[in-house]
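Letter by letter, the chains look like this.
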Amino acid sequence: KAGVTQTPRYLIKTRGQQVTLSCSPISGHRSVSWYQQTPGQGLQFLFEYFSETQRNKGNFPGRFSGRQFSNSRSEMNVSTLELGDSALYLCASSIDGTDTQYFGPGTRLTVL
Amino acid sequence: AQSVTQPDIHITVSEGASLELRCNYSYGATPYLFWYVQSPGQGLQLLLKYFSGDTLVQGIKGFEAEFKRSQSSFNLRKPSVHWSDAAEYFCAVGATIDMRFGAGTRLTVKP
């Protein structure tokens, strides 16, 4: 089975722009979670989607949003980018959210 | 509230030496526990997990971990470290929709 894929792998944006990141889960997995990883804050949970519904959300501003499609693929969007949004964004999938998560390689976002 | 503490930010061991990475957790119920490894610039790879049953869990790459409820610990061990084990290791607790990660322990392996 193919693993979790994330596109693009690298992104450079400027402050004020918006960005969309994509995640394709493992086949058969219906739960997709997003995390932000930074040297200072570590791994922080952004949100989790299951069957196109957001079930849980971390403590991030409304500029961070996401969605999930009927094929379980997920996108996250960050609007009005700030320098502090520079991070590695990781996507993880699991069968139903109560079991093991498998992570993608991440998208490295740099905001200039 | 659930939380995970990895007391060691950075550990250096010699190749061939044994390794133990510490993890302590706080969780209201029987926890789901995980260890992940991350190489620079990469995603997280699952090493092993504990859901229930035998408290000594075997994982990939020769790693094992022991769940000790009385100590709220889930320490990761390897009897003989290889240079390729140099990476960052994360302990995590909880289910997907409520998972918390420790701050990570960076492992350096000396030749």
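Scroll up for the structure.
Residues numbered from 1 in each chain as written. Chains lettered and ligands numbered in written order. Predicted model: local features only at pLDDT ≥ 70, side-chain atom pairs only at ≥ 80, totals over all residues. Heavy atoms only, no water.

### Quick notes on the overall build of chain B
A count of helices and strands for chain B gives zero helices and 12 strands. Reading chain B from its N end, one meets helices and strands in the order β-β-β-β-β-β-β-β-β-β-β-β. In terms of principal-axis extent, the alpha carbons of chain B reach across some 40 × 30 × 20 Å. Burial statistics for chain B: of 111 residues in total, 46% are counted as buried. (Helix = DSSP H or I, 4+ residues; strand = E, 2+ residues; numbered from the N terminus. Buried < 20%, exposed > 50% of the residue type's maximum accessible area, 1.4 Å probe, protein only.)

### Quick look at the interface of chain A and chain B
Taken together, the contact pairs 22 residues of chain A with 18 residues of chain B. Each partner contributes to the roughly 1500 Å² buried at the junction of chain A and chain B, and carbon and sulfur atoms together form 54% of this total. Interface area lost by chain A to chain B is led by Leu43, Thr100 and Phe103 of chain A, which between them contribute 31%. Applying the counting rule to chain A against chain B returns four residue pairs in polar contact (both at pLDDT 80 or more). (Contact = heavy atoms within 4.5 Å. Buried area = accessible area lost by both parts, 1.4 Å probe. Polar contact = N/O pair within 3.5 Å; in protein donor to acceptor, adjacent residues only side chain to side chain.)

### Description of the nonpolar core
Membership of the largest hydrophobic core comes to 26 residues, with the highest contact counts inside it found for Leu19, Trp35, Leu47, Leu48, Phe74, Leu76 and Tyr89 of chain B. At the level of elements, strand S2 (10-14), strand S3 (19-21), strand S5 (33-38), strand S6 (44-50), strand S8 (64-68), strand S9 (73-78), strand S10 (87-93) and strand S12 (105-110) of chain B are the ones that each hand at least two residues to this core. When neighbours within four sequence positions are excluded, tyrosine 89 of chain B is seen to be in contact with Gln6, Leu21, Trp35, Tyr36, Val37, Leu47, Phe63, Leu76, Gly104, Thr105 and Leu107 of chain B. With 21 residues, the next largest nonpolar core counts Ile26, Trp34, Leu46 and Cys91 of chain A among its residues. (Core = buried A, V, L, I, M, F, W, Y, C linked by side-chain atoms within 4.5 Å.)

### So, the packing of aromatic side chains
For the structure shown, the criterion picks out 15 aromatic pairs over all chains. Judged by centre distance (5.7 Å) and plane angle (65°), the ring pair of tyrosine 35 of chain A and phenylalanine 45 of chain A falls under edge-to-face. Of this pair, tyrosine 35 of chain A sits in strand S4 (residues 31-38) while phenylalanine 45 of chain A sits in strand S5 (residues 42-50), and the two are 10 residues apart along the sequence. For tyrosine 35 of chain A, a relative accessible area of 1% gives the class buried. For phenylalanine 45 of chain A, a relative accessible area of 15% corresponds to the buried category. Taken together, Tyr35, Phe45 and Phe103 of chain A together with Tyr32, Phe34, Tyr36, Phe51 and Phe101 of chain B form an aromatic cluster joined through their ring pairs. The ring of phenylalanine 51 of chain B carries the charged tip of lysine 49 of chain B above its face, separated from the ring centre by 5.4 Å. (Phe/Tyr/Trp six-rings, centres within 6.5 Å; stacked < 30°, edge-to-face > 60°. Lys NZ or Arg CZ within 6 Å of the ring centre and 35° of its normal.)

### So, the state of the cysteines
In this structure the tally under the stated criterion is two disulfides over all chains. Here cysteine 23 of chain A engages in a disulfide with cysteine 91 of chain A; their sulfurs sit 1.7 Å apart. Residues cysteine 23 of chain A and cysteine 91 of chain A are joined by a disulfide whose S-S torsion is about -50°; by sign, that bridge is left-handed. Residue cysteine 23 of chain A is found in strand S3 (residues 19-24), and its partner cysteine 91 of chain A is found in strand S9 (residues 87-94); the two are separated by 68 residues along the sequence. For cysteine 23 of chain A, a relative accessible area of 0% translates into the label buried. Between cysteine 23 of chain B and cysteine 91 of chain B runs a disulfide, and the two sulfur atoms are separated by 1.9 Å. Disulfide cysteine 23 of chain B to cysteine 91 of chain B: torsion about the S-S bond roughly -65°, handedness left-handed. Of this pair, cysteine 23 of chain B sits in the loop between S3 and strand S4 (24-26) while cysteine 91 of chain B is found in strand S10, placing the two residues 68 residues apart along the sequence. (Disulfide = S-S within 2.5 Å.)

### Overview of the pairing of S10 of chain B
All names here are of chain B. Judged by how many residues are buried, S10 sits mostly within the fold: six of seven residues are covered. Note that S5 and S10 share six bridges and pair antiparallel. In the sheet register, glutamine 38 faces S10, and the bridge partner there is glutamate 88. Here S10 runs beside S12; their pairing, made up of three bridges, is antiparallel. Bridge pairing links alanine 87 to leucine 107 in S12. (Pairing = 2+ DSSP bridges.)

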